Amino acid sequence: MVKIFDKIANRTRIGFLGAFLLLLLSYILTFISTNRVIEQNNTINHTNRIIHDLDNILGFITHAESSFRGYILSDNEDFYDDFKESVAKTDSSLKVLNELTRDNSIHQQNLEILSQLKVEKFSLIQKLIDQYAASHVIDRSLLKENFEGGIADKIESKVVAMQSTERDLWHKRSEQFTQYSGFIRFLNIASFIIALLLTIYSLFVFNKENKAKNEQEEKTVEFRQQLENRVDQLADLNKELIELRSLEKYAVTGRIARVIAHEVRNPLTNINLSVEQLRSEEPGSENSKLFFDMIARNSDRINVLVSDLLNASRTTELNFEAVAINELLDESLAAAHDRIELNQINVVKQYDPEICSISIDKEKVKVVFLNLIVNSIEAMEEKGELIIKTESKNSRCVITVIDNGKGMSPENAARLFEPYFTTKEKGNGLGLANSQNVIISHGGSISAQSELNVGTTFTISFNFA
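Now for a quick tour of the structure.

Rules used in this analysis
Counting starts from 1 at the beginning of each chain's written sequence and moves along it residue by residue. Totals for whole chains, interfaces and linings use all residues, but because this is a predicted model, local features are given only for residues with pLDDT of at least 70 and pairs of side-chain atoms are given and counted only at 80 or more. Note that the side-chain values use all heavy atoms of the structure and ignore hydrogens as well as water. Every helix listed is a DSSP run of H or I at least four residues long, and every strand listed is a run of E at least two residues long, numbered separately from the N terminus. Whether a residue is buried, partly exposed or exposed follows from its accessible area with a 1.4 Å probe, protein chains only, as a fraction of its type maximum: under 20%, in between, or over 50%, in that order. Only the contacting stretch of a helix is used when fitting its axis, a line to C-alpha atoms as for every element, and angles between N-to-C directions run 0 to 180 degrees. Less than a right angle of anticlockwise turn of the near helix away from the far helix marks a crossing as left-handed, whereas a clockwise turn marks it as right-handed. Should any heavy atoms of two residues lie within 4.5 Å, those residues are counted as being in contact. Lys, Arg, Asp and Glu make up the charged group, whereas Ala, Val, Leu, Ile, Met, Phe, Trp, Tyr, Cys and Pro make up the nonpolar group; the residues left over, Gly among them, are polar. Patch membership requires over 30% relative accessible area and the absence of a salt bridge. Like charges are linked within 9 Å, and nonpolar side chains (Val, Leu, Ile, Met, Phe, Trp, Tyr) within 5 Å. Working definition of accessibility: Shrake-Rupley area with a 1.4 Å probe, residue cover restricted to the visible protein chains. The term salt bridge refers to a pairing of a side-chain nitrogen on Lys or Arg with a carboxyl oxygen on Asp or Glu at a separation within 4 Å. The nonpolar core is taken to be a set of buried Ala, Val, Leu, Ile, Met, Phe, Trp, Tyr and Cys residues, with the residues joined through side-chain atoms within 4.5 Å. DSSP bridges decide pairing: two strands pair if at least two such bridges lie between them.

What follows is about the overall build of the protein. A tally of helices and strands in the protein yields eleven helices and seven strands. Split into buried and exposed, the 465 residues of the protein put 33% on the buried side.

This is how it looks when you write it as structure tokens:
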């Protein structure tokens, strides 16, 4: 399967790579074509500028001659100023043309001739102006030479020749560009068609690969779901095993407690009888009386401890009744109301409003809940948060009591339900043991999870009524 996926993936990569390269080539050709279009546009602009400047030269020379005539006829200095301005503009246009045609030797030669003709023309006009300014008389021969000498015709002929040459160059460049553009267009169309075919091929291969991938993912999801179900089953079995071990430990503890009670109470009874006998036979001193009282008091204490141990491991008698678990928890909270108010505990109720009733001994289970609530309050500092949650899970009624108190180490959490084990300074270590006894007697289970400096969570579960 992996080899098939690799083969399909390679085909897809090759197809997309080929399409990419062809499209890249097409883009490069388009870029080159665009540059050629820009060059062609620049060439057109260059040609238009040359032709335009040549027209300007003709116009400036014509305007200079008209200004000369106006000056002679009207003796107005403004016309003379116009003449000088036209000369300056003609020189400026010739400089611009010289720069524009620097790479064209023919144009350079023509411009040199045109400059000489321009100098001859303006020199002749300037002489006529100078004669008129000095004596208001014009040399007829010079005037005839200006109008009939043919310099203006030569200038116009040279300008027209240069414009014609520039237009011919532009037509040649246009033909070359048209041929090149046709070739580029052909390459672009061919590249696009090939890229389109490769893209279609790649999409076909990709769809095939994607279909196979989806089928494999569905199998993977199915396998993962089966694995998760197995893990859940193992977790349930492990939980049942832990409960069985708790029951077994509870039964062993009960047997040990009964043996200890039997072995301790018999000699304890003899000790008490002996003390009473000695007390009746010997009035004794004050010291003797003190010792007799001490023996009796400690014997009673041993008897109470043995009784507590028996109660913690003995199956209790239960009075079953159908009880609404949410109401029972509210009653337990009400019993601990003073402690909650004193420590400013925030109680968060997360009850399932539709949860069914359970069959329990109401008073005994109420004591269990009260014991858990009090333990949580004592584990928290002021303004802590106590969360009590009920839910239906795996056809059982589950109650969770969560606090954000100081928590316990894993070692202490593992011994939490052992008789006489306690982390409190004044505790006797039988509260949770008795609570476990009550819960187990109901066919339920109780467990605890705790993390140091984070909090503790107690989870209790019962069968529904």
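The rest of the description comes next.
Moving on, we come to helix H11 (residues 431-441). Along an α-helix, residues three or four positions apart point the same way, because every turn accommodates 3.6 residues. Among the eleven residues that make up H11, eight are buried, leaving the element largely enclosed by the rest of the structure. Of all the positions in H11, only Leu-432, Ala-433, Ser-435, Gln-436, Asn-437, Val-438, Ile-439 and Ile-440 are classed as buried. Where H11 ends, the next residue or the one after it, Gly-443, has phi of about 75 degrees, a positive value.

With that out of the way, let us pick up the packing of helix H9 (residues 362-379) against H11. Viewed as axis vectors pointing N to C, H9 and H11 meet at an angle of 145 degrees, and their least axial separation amounts to 10 Å. Two packed elements cross with a definite hand, and for H9 against H11 that hand is left-handed. Mapping the contact onto sequence places Lys-364, Val-365, Val-368, Asn-371, Leu-372 and Asn-375 in H9 and Gly-431, Leu-432, Ser-435, Val-438 and Ile-439 in H11. Classifying every residue of the contact of H9 with H11 gives six nonpolar, four polar and one charged.

Glancing now at a nonpolar patch on the surface. Residues Leu-17, Phe-20, Leu-21, Leu-24, Ile-28, Phe-31 and Ile-32 make up a contiguous nonpolar surface patch of about 660 Å² in total accessible area. In this fold, Phe-20 is placed in helix H1 (residues 2-74).

What follows is about the nonpolar core. Ile-325, Phe-369, Leu-386, Phe-458, Ile-460 and Phe-462 are the most contacted members of the largest nonpolar core, which totals 33 residues. The greatest single-element share of this core, amounting to six residues, is contributed by H9. Non-local contacts of Leu-386, meaning those with residues more than four positions away in its chain, are made with Leu-333, Ile-345, Asn-346, Val-347, Val-348, Ile-373, Ser-376, Met-380, Val-401, Ile-402 and Asp-403. Tyr-80, Phe-122, Tyr-132 and Ile-151 belong to the second largest nonpolar core, which has 26 residues in total.

As a further point, take the pattern of salt bridges. In the structure shown here, the tally under the stated rule is eleven salt bridges. The partner of Lys-366 in a salt bridge is Glu-331, with the nearest N and O atoms 3.8 Å apart. Separated by 35 residues along the polypeptide, Lys-366 in helix H9 and Glu-331 in helix H7 (residues 325-335) bring together distant segments of the chain. Accessibility expressed as a relative area gives 23% for Lys-366, which makes it partly exposed. Judged by relative accessible area, Glu-331 falls into the partly exposed class, the value being 28%. Because the salt bridges share partners, they merge into one network encompassing Glu-65, Arg-69 and Lys-121.

On to the sheet that holds strand S7 (residues 455-463). Working definition: the strands of a sheet are paired by backbone hydrogen bonds and lie parallel or antiparallel to each other. Strand order in the open sheet made by the five strands is S2-S4-S5-S7-S6, with mixed pairing throughout. Looking along the sheet, the strands with just one partner apiece sit at the ends: strand S2 (346-350) and strand S6 (445-451). Strand-to-strand twist of the sheet, defined as the mean angle between neighbouring strand axes without regard to direction, takes the value 15 degrees. Sheet topology places strand S4 (residues 385-393) next to strand S5 (residues 396-403); eight bridges connect them, and they run antiparallel. Across the sheet, the residue bridging to Thr-390 is Ile-399, located in S5. Against the sheet, H7 makes contact with S2, S4 and S5, and its axis sits at roughly 165 degrees relative to S4, the strand it touches most. H9 contacts S4, S5, S6 and S7 of the sheet and is inclined by roughly 170 degrees relative to S7.

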